[in-house]
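Observations on the model geometry
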Amino acid sequence: MAEQQQVLSRKLRGHNAYYGITGNARALSRFRFEVQRHWRKWLNRRSHAARLNWSAFNRLLKRYPLPPARVVHSIYAT
């Protein structure tokens with residue numbers, strides 16, 4: 001689980017570094033949500049016995065947090 005979190009965090013930071021410009025915060029937040037949604041989907045495929053609902057997944061995210069969506073580059077900075 002920790003390894004998956006590290007890899008996803010690295011990918012999200014890279015995505016934010018490339019696409020994180022002024023005016024793109026909504027798209028960054030949506031992308032982060034989609035990453036979380038797909039991570040939950042793949043965790044649910046690991047076992048048919050115990051399904052991971054959203055409240056349990058949110059508890060998991062508190063233990064293994066993903067970086068927030070943030071604007072890295074401002075088009076207004078000189």
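Below or above, wherever it landed, is the structure these notes cover. Everything numeric in this text was worked out from a predicted model, so none of it was measured.

It is worth spelling out the pattern of salt bridges at this point. Evaluation of the coordinates by the stated rule reveals 2 salt bridges. Between Glu34 and Arg30 there is a salt bridge, with the nearest N and O atoms lying 2.8 Å from each other. In this pair, Glu34 and Arg30 are both assigned in helix α2 (residues 25-44), 4 residues apart and thus about one turn of the helix distant. Using a relative accessible area of 18% as the deciding quantity, one classes Glu34 as buried. Measuring nitrogen to oxygen at the nearest pair gives 2.9 Å for the salt bridge that ties Glu34 to Arg37.

At a minimum axis distance of 11 Å, the contact between helix α1 (residues 2-19) and α2 shows a crossing angle of 160 degrees. When the interaxial angle is binned, α1 and α2 end up roughly antiparallel. Classified by chirality, the crossing of α2 by α1 is right-handed. Residue-level contacts link Gln4, Gln5, Leu8, Leu12, His15, Asn16 and Tyr19 of α1 to Leu28, Phe31, Arg32, Val35, Trp39 and Leu43 of α2. Here the residues of the contact of α1 with α2 are counted per class, giving 8 nonpolar, 4 polar and 1 charged.

Time to look at the environment of Leu66. The topology assignment puts Leu66 in the segment after α3 (54-63). Not counting chain neighbours up to four residues away, the residues in contact with Leu66 comprise Gln5, Leu8, Ser9, Leu12, Arg32, Val35, Gln36, Trp39 and Leu61.

Conventions we followed
- Residues numbered from 1 in each chain as written.
- Predicted model: local features only at pLDDT ≥ 70, side-chain atom pairs only at ≥ 80, totals over all residues.
- Heavy atoms only, no water.
- Salt bridge = Lys/Arg side-chain N within 4 Å of Asp/Glu carboxyl O.
- Helix = DSSP H or I, 4+ residues; strand = E, 2+ residues; numbered from the N terminus.
- Buried < 20%, exposed > 50% of the residue type's maximum accessible area, 1.4 Å probe, protein only.
- Axes fitted to C-alpha atoms, helices over the stretch in contact; angles between N-to-C directions.
- Parallel < 35°, antiparallel > 145°, perpendicular 65-115°, else oblique.
- Left-handed = near helix turned anticlockwise from the far one by under 90°.
- Contact = heavy atoms within 4.5 Å.
- Nonpolar A, V, L, I, M, F, W, Y, C, P; charged D, E, K, R; others polar.

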